[in-house]
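# Analysis of the macromolecular model
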Amino acid sequence: MSDIIKLLPDHVANQIAAGEVVQRPASVVKELLENAIDAGATTIKLVVKDAGRTLIQVIDDGKGMSPTDARLSFERHATSKIIAADDLFALSTKGFRGEALASIAAVAHVDLKTKPEDEEVGTRIEIEGSTIKNQEVCAAPKGTSIAVKNLFFNIPARRNFLKSDAVELRHVIDEFQRVALAHEAIAFVLYHNDSELFNLPKTNKRQRIVGVFGPKTNEKLVPVSEETEIVNIDGFIIKPEFSKKTKGEQFFFVNDRFIKHPYLNHSVSAAFDGLLPDRARASYFIYLKVNPKTIDINIHPTKTEVKFEDEQAIYTLLRAAVKHSLGQFNIAPILDFNRESNMDTPYSYKNKEAQVPKVEVDRHFNPFEQEQKVKTSGFSSAPTYEKKSAAGWENLYAGLDRKNDTSNFSHVEIENEPEAESLFVEQESKGFSEAKETESDSANTYQLHNKYIVSAIKSGMMLIDQSRAHQRVLYEEFLRNITVKESVSQQLLFPLRLDFSASEIDILKELKDSLENTGFALSMPEAGVLEVSGIPASIQESEVSIVLEQLLSDVEQEVPDTGFSQTDVLAKSMAKSMAVKTGEKLDELSREHLVNKLFACTEPTLSPFLKKTFITLTIDELDRKFNA
Ligand code: ADP
Ligand code: MG
């Protein structure tokens with residue numbers, strides 16, 4: 001047999017590697033910005049056209065490249081940043097793999113111009129899909145300009161998988177912001193389709209954050225600072241009252257590199273514990289400095305994860321630092337661990353004698369009284385007791401797993417039978433007989449654990465997940481409204497003014513038509529402000545910001561390969577945030593309404609997220625359970 005293994009030609013290998021490094025325009029932005037920083041630039045300009053599809057250009061005033069280096073920079077594993085394997089453990093640069101330029105050049109048209117400060121002339125190189133088309137001497141200012149055009153021109157599948165311009169631009173802006181926030185001493189400018197989105201002069205950290213997120217951010221920031229042997233912590237948290245409902249601004253930087261770190265995120269959240277409104281998340285900009293030898297960033301070119309040597313200690317230190325700031329700025333009671341607690345005792349108390357705490361006892365209390373009342377009063381003749389007993393009944397099951405645990409329902413079924421009533425009323429436990437009470441008034445449906453709607457059907461019974469069912473109903477309603485353009489809108493007497501970042505406003509602009517079809521009336525009277533003068537009939541005014549924030553985060557989180565339309569994402573997102581939740585009590589009418597609407601849907605069996613909306617239990621199945 002002849003040999004069949006061959007080495008891949010370079011351009012093929014590069015294209016494969018590019019699949020990992022370059023996933024979307026934002027990946028190119030990240031790599032080029034980082035190269036410019038590594039080159040010691042003090043001013044970096046990013047120019048983007050059509051969210052990066054047509055052009056991504058980074059112009060820096062860094063150290064430039066010699067003609068040979070310029071040529072070599074496009075070779076795979078060509079880097080000036082590490083020489084020996086040991087260098088990997090003490091990285092002070094962003095790049096080190098020498099893969100980025102080779103990968104980018106494999107999937108785009110690249111035009112590079114570069115000149116070191118002390119050279120007379122510069123070098124220009126044009127590459128298309130790893131093939132050098134032109135190299136010449138050129139006039140150029142000090143520094144490097146790399147223009148990446150027609151990204152994925154030779155990989156149509158990739159190109160087609162790109163999301164709408166609004167989404168791709170959002171990712172580009174995210175990368176830009178992360179880099180800009182980490183390097184306040186470098187000036188950054190971002191242009192998109194000839195309009196200037198950001199112009200950030202060299203400044204300090206606080207002003208940089210304000211420059212990125214708008215002037216209103218300044219008053220929301222509380223400084224955090226802590227120096228220890230293991231880690232230096234610096235940065236800002238956002239005051240709890242300004243926290244956002246669905247996602248916040250959550251930025252960790254380690255040695256000037258943006259990272260995501262769920263464990264450390266938890267540490268900051270823990271420090272905020274009890275200070276945030278329901279469902280809100282802590283927002284922060286935390287800059288950590290550690291010895292580069294104690295972290296491992298060598299995980300994956302596009303990943304933002306980092307491994308710390310002493311994660312546990314950093315967790316504790318970070319939580320204490322954030323708690324301390326919250327206390328110091330009078331946001332939470334001071335928790336100063338270094339101070340003796342009795343120093344906090346008010347002066348006037350010093351000489352007072354301690355008193356024995358008093359315990360008061362109600363001697364007339366009889367714990368058996370209530371139970372007797374149930375026994376004597378029967379079920380239907382005790383209306384005042386009904387509410388309480390319902391809650392008591394809930395508690396019976398509170399500790400149980402709330403999944404489709406069908407074993408619970410057998411109780412309910414028994415109690416439905418009139419004969420069972422007389423059988424169990426005297427002997428059975430309190431909760432057991434009370435369960436009967438709550439349902440005696442509902443004719444066709446019954447709500448279980450404020451989560452499932454139980455409904456009798458011809459063949460047996462049906463259990464409907466209330467939240468999923470409602471999601472399905474709303475989802476189809478929104479889809480219909482968006483396409484047919486007829487929805488009910490309630491006009492607000494006083495329009496709501498909501499703050500959003502420039503990039504969020506861009507996304508909202510793109511969604512404006514669809515949103516208006518669902519019943520919203522929106523305008524953007526000034527930069528960073530969304531004015532809402534009408535809302536869909538199905539939502540409350542107080543829910544508007546939650547719905548919109550959820551929508552923005554859903555649109556942003558859309559991955560490039562899922563191939564769903566914007567309309568679909570919108571309908572799903574709104575259905576998710578507006579549907580009744582598990583734990584909400586539904587009255588008889590709402591239950592019936594929901595069930596009827598669910599079964600009027602085109603696809604009643606699944607939620608928009610493809611989860612079962614209901615299950616059935618036939619009499620046969622029940623019988624079998626009893627006889628098993
Ligand atoms: P890495 O950054 O991992 O070294 P890249 O492929 O991103 O790999 O870049 C290869 C090399 O090209 C870098 O090591 C650097 O020497 C040079 N280079 C890239 N961009 C610039 C720039 N903007 N200015 C100066 N040199 C650059
Ligand atoms: Mg690089």
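Looking at an unreviewed UniProt entry, the chain carries the name DNA mismatch repair protein MutL, with the source organism given as Leeuwenhoekiella palythoae. Turning to the chain, the UniProt annotation filed under Sequence similarities (unreviewed entry) states: "Belongs to the DNA mismatch repair MutL/HexB family."

## A closer look at the pairing of strand E2 (residues 55–60)
Among the six residues of E2, five are classified as buried, and the element is accordingly described as predominantly covered. As paired elements, strand E1 (residues 43–49) and E2 share six bridges and run antiparallel to each other. Each bridged residue has a counterpart across the sheet, and for Leu46 the counterpart in E2 is Val58. Counted along the chain from E1 to the antiparallel partner E2, the turn is five residues long, and its residue Asp50 has a positive phi close to 50 degrees. Both E2 and strand E6 (residues 143–149) contribute to a ladder of six bridges, which runs antiparallel. Residue pairing across strands places Ile59 opposite Ser145, the latter belonging to E6.

## As for the site of ligand 1
Taken together, 18 residues form the shell around ligand 1, and within it Asn35, Thr79, Ser80, Lys81 and Gly98 come nearest. Contacts to ligand 1 include Asp60, whose side-chain N or O atom sits 2.9 Å from a nitrogen atom. In the model, an oxygen atom of ligand 1 is placed 3.2 Å from a nitrogen or oxygen of the Ala100 main chain. Notes on ligand 1: free accessible area 530 Å², of which the protein chains cover 93%. In the shell around ligand 1, the residues fall into six nonpolar, eight polar and four charged.

## Remarks on the pattern of salt bridges
Under the criterion given, the structure shown has 22 salt bridges. Residues Arg170 and Asp174 are paired through a salt bridge, measuring 2.3 Å at the closest nitrogen-oxygen approach. In this pair, Arg170 and Asp174 both sit in helix H6 (residues 165–182), four residues apart, roughly one turn of the helix. The exposure classification of Arg170 matches that of Asp174, with both residues buried. The partner of Glu516 in a salt bridge is Lys512, and the shortest N-O contact between them spans 3.8 Å. Here Glu516 and its partner Lys512 are both found in helix H16 (residues 502–517), four residues apart, which amounts to about one turn of the helix. By relative accessible area, which is 29% here, Glu516 ends up partly exposed.

## Some remarks on helix H19 (residues 588–598)
If you check which residues of H19 are buried, you get Arg591, Leu594, Val595 and Leu598. Down the axis of H19, the buried set is contained in an arc of 95 degrees. They therefore lie on one face. Among the exposed residues of H19, those oriented more than 90 degrees off its buried face are Leu589 and Asn596.

## Regarding the side chain of Arg208
When you line up the elements, Arg208 lands in helix H7 (residues 205–213). Although buried, Arg208 forms no salt bridge, and the nearest oppositely charged side chain, Glu184, lies 6.2 Å from it.

## Structural notes on a nonpolar patch on the surface
Taken together, the side chains of Met1, Ile4 and Ile5 present a nonpolar region at the surface, about 480 Å² in accessible area. With respect to the secondary-structure elements, Ile5 resides in the segment before helix H1 (10–21).

## Structural notes on the sheet that holds strand E17 (residues 452–457)
Strands sit in the order E16-E17-E18-E22 across an open sheet of four strands; the sheet is antiparallel. Two strands bound the open sheet, and with one partner strand each, they are strand E16 (445–448) and strand E22 (614–618). Mean inter-strand twist for the sheet, computed between neighbouring axes without regard to direction, equals 25 degrees. Here strand E18 (residues 460–465) runs beside E22; their pairing, made up of five bridges, is antiparallel. Its bridge partner lying in E22, Met461 is registered against Leu617. Helix-sheet contacts for helix H15 (residues 466–484) involve E16, E17 and E18, and the interaxial angle to E18 is about 70 degrees.

The rules behind each value
Residues numbered from 1 in each chain as written. Chains lettered and ligands numbered in written order. Predicted model: local features only at pLDDT ≥ 70, side-chain atom pairs only at ≥ 80, totals over all residues. Heavy atoms only, no water. UniProt positions renumbered as here; feature names shortened; annotations may be inferred. Buried < 20%, exposed > 50% of the residue type's maximum accessible area, 1.4 Å probe, protein only. Helix = DSSP H or I, 4+ residues; strand = E, 2+ residues; numbered from the N terminus. Pairing = 2+ DSSP bridges. Near = heavy atom within 4 Å. Polar contact = N/O pair within 3.5 Å; in protein donor to acceptor, adjacent residues only side chain to side chain. Areas by Shrake-Rupley, 256 points an atom, 1.4 Å probe, with all protein chains shown as cover. Nonpolar A, V, L, I, M, F, W, Y, C, P; charged D, E, K, R; others polar. Salt bridge = Lys/Arg side-chain N within 4 Å of Asp/Glu carboxyl O. Arc of directions from axis to C-beta. Lys, Arg positive; Asp, Glu negative; His and termini not counted. Patch = residues over 30% accessible without salt bridge, like charges linked within 9 Å, V, L, I, M, F, W, Y side chains within 5 Å. Axes fitted to C-alpha atoms, helices over the stretch in contact; angles between N-to-C directions. Contact = heavy atoms within 4.5 Å.

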